[in-house]
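Examination of the molecular architecture
Residue strings, one per chain:
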Amino acid sequence: LGQITSMTMSPDRNWICAGTSEGYVSLWDIRYNVACKLWRHSSNGPIHRLACCKSIPNVNINNIASASNQLSSLQQQQLQGSMPQQVYREIMPYTEGAYLFVAAGQNEAAVWGIPEGGECYKCFRSVPMSSGRTRFLAELPKLIDIPLPKHPLSVIPNTGGSNRLSGKYMNTCEPSIRSLLGRITQNGSSYLVTAGTDRQIKFWDFSSPYRCFTISGLELGQPKSAYESPNIENLHGKLYVSYDTALPSSSTLVQGHMPYWENRGPVNPINKYKDAILDLKIIDMPVRMLLSAGR
């Protein structure tokens, strides 16, 4: 199955998920030291980072809608202008366990329900603008179920071969997401923050791609990334794409638009890393802050 590259623990502290260098994700019940489920990521590449958050209650949207019909017209206007529309648009499919964030493949992260697996609920992907807007709009990543042997001491057969020595694969998995954190709620504030070898920190808002933005990592003069959800059947609302633009070269700029390097006064420090970003954390006290660590 490869070497363990990432691990996360459930909010109730009853199970853990471990990802490997061969793209496998295993679910373990640590109360009984038993492997419960095994999947393989459809990219067949290493699992760079795992994180999980608590499942939201199983809300019946029809019940919410019928309850809103009993309100006064003023209350309905207030209801339609605030939370319920966000709940209808953003609520995630119900899962019996927890939501699992997985960073794998080429610069993308996705959210699954555990223990369901299968096709992801949402995918967040960064692609270069120069490659076109349709080249990377492939199908959503999946966690493919691998049957476990009934006997606990049996050997799990290799189902897909090894990618460890494949130079061709190693070239296609960069850039990649190496750190992420997120939260899924019912009040319209679900989000995901990612960072990796592209040296950028990105904030993904589950409610709309137009509320996503790049926190850090842009060069001076580099255009901002464009965020959108492709209007394609089975992908709209599930796939969020960040189209990243490269820094324009001096040959493509009009001479009059180039800054004068002399006599231009103080210059703000560049808000970016020089190498990969490896970890992210959020603290609430004494003030709410995002901490990042890179090499």
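Rules used throughout
Residues numbered from 1 in each chain as written. Predicted model: local features only at pLDDT ≥ 70, side-chain atom pairs only at ≥ 80, totals over all residues. Heavy atoms only, no water. Helix = DSSP H or I, 4+ residues; strand = E, 2+ residues; numbered from the N terminus. Buried < 20%, exposed > 50% of the residue type's maximum accessible area, 1.4 Å probe, protein only. Contact = heavy atoms within 4.5 Å. Areas by Shrake-Rupley, 256 points an atom, 1.4 Å probe, with all protein chains shown as cover. Core = buried A, V, L, I, M, F, W, Y, C linked by side-chain atoms within 4.5 Å. Pairing = 2+ DSSP bridges. pLDDT = per-residue confidence, 0-100. Salt bridge = Lys/Arg side-chain N within 4 Å of Asp/Glu carboxyl O. 1 Å grid on protein atoms, 1.4 Å probe; cavity = no way out; pocket = protein on both sides within 12 Å on 5 of 7 lines; lining within 4 Å. Points joined across faces, edges and corners; volume = space filled by probe spheres on them. Nonpolar A, V, L, I, M, F, W, Y, C, P; charged D, E, K, R; others polar. Axes fitted to C-alpha atoms, helices over the stretch in contact; angles between N-to-C directions.

Structural notes on the overall build of the protein
When helices and strands are counted, the protein shows four helices and 18 strands. Counting every position in the protein, which comprises 295 residues, the buried fraction comes to 40%. For the protein, the share of sequence-separated contacts (at least 6 apart) that also reach a separation of at least 24 residues comes to 53%. Surface summary for the protein: the accessible area is close to 16,900 Å², and the carbon and sulfur share equals 54%.

Describing the nonpolar core
Of all hydrophobic cores here, the largest spans 24 residues; its most connected members are Cys 17, Val 25, Leu 100, Val 102 and Ile 114. For this core, the secondary structure elements donating two or more residues are β2 (15–20), β3 (24–29), β5 (47–54), β6 (98–104), β7 (108–114), β9 (122–128) and β16 (239–244). In terms of residue count, β6 provides more of this core than any other element does, four residues in total. The residues contacting Val 102, other than those within four sequence positions of it, are His 41, Ile 47, Arg 49, Leu 50, Glu 108, Ala 109, Ala 110, Trp 112 and Leu 180. Counting 20 residues, the second-largest nonpolar core is a separate cluster that includes Cys 53, Met 92, Ala 103 and Leu 192.

Quick look at the pairing of strand β18 (residues 289–294)
Pairing between strand β17 (residues 277–283) and β18: six bridges, direction antiparallel. Residue Ile 277 lies in a different strand from β18, and its bridge partner there is Gly 294. A loop of five residues connects β17 with β18, the two strands running antiparallel in sequence.

Observations regarding the confidence of the model for the protein
Taken over all residues, the pLDDT of the protein has a mean of 77, while the share at 70 or more is 71%. Confidence scores differ between elements of the protein, with helix α4 (residues 167–172) showing the lowest mean pLDDT of 41 and strand β13 (residues 201–205) the highest of 94. Across residues 61–90, confidence stays below pLDDT 50; counting only partners more than four residues off in sequence or on other chains, it has 27 contacts. Note that residues 164–172 has pLDDT below 50 and, in this model, nine contacts with residues that lie over four places away or in other chains.

As for the pattern of salt bridges
Taken as a whole and judged by the stated rule, the model has 13 salt bridges. The residue Glu 119 makes a salt bridge to Lys 142 at a minimum N-O spacing of 3.9 Å. Of this pair, Glu 119 sits in strand β8 (residues 118–119) while Lys 142 is found in strand β10 (residues 142–145), placing the two residues 23 residues apart along the sequence. Glu 119 serves as the salt-bridge partner of Lys 238, at 3.8 Å between the closest nitrogen and oxygen.

What to know about empty space enclosed by the protein
Applying the stated criterion to the full structure yields one cavity of 30 Å³ or more. If you add up the space inside the largest cavity, you get close to 50 Å³. Ranked by the residues each element gives to the lining of the largest cavity, the list is headed by strand β12 (residues 191–196), at three residues. Taken together, the residues of the lining of the largest cavity sort by class into two nonpolar, five polar and two charged.

A closer look at unusual backbone geometry
Between Ile 114 and the following residue, Pro 115, the backbone shows a cis peptide bond with an omega angle of 20°. You can see Pro 115 is positioned in the loop between β7 and β8. Cis geometry is adopted by the peptide bond preceding Pro 286, which originates at Met 285 and carries an omega value of 0°. Considering the arrangement of structural elements, one finds Pro 286 in the loop between β17 and β18. Phi angles above zero are rare outside glycine, and Asn 33 is one such case at about 55°. Turning to its location among the elements, Asn 33 is positioned in the loop between β3 and β4 (34–41).

So, the sheet that holds β3
Taken in spatial order, the six strands make up an open sheet running β1-β2-β3-β4-β10-β8, and their pairing is antiparallel. Looking at the sheet topology across the chains shown, the edges are occupied by β1 (4–9) and β8.

Quick notes on the sheet that holds β12
Remark on secondary structure: sheet strands pair via backbone hydrogen bonds, oriented parallel or antiparallel. Read across the open sheet, the four strands follow the order β11-β12-β13-β14; overall the sheet is antiparallel. Among the strands making up the open sheet, the edge pair consists of β11 (177–183) and β14 (213–216). Pairs of neighbouring strands in the sheet enclose a mean axial angle of 25°, with direction left out of account. Summarising the sheet, β11 and β12 pair through six bridges and their orientation is antiparallel. Residue pairing in the sheet places Gly 182 in a bridge with Leu 192 of β12.

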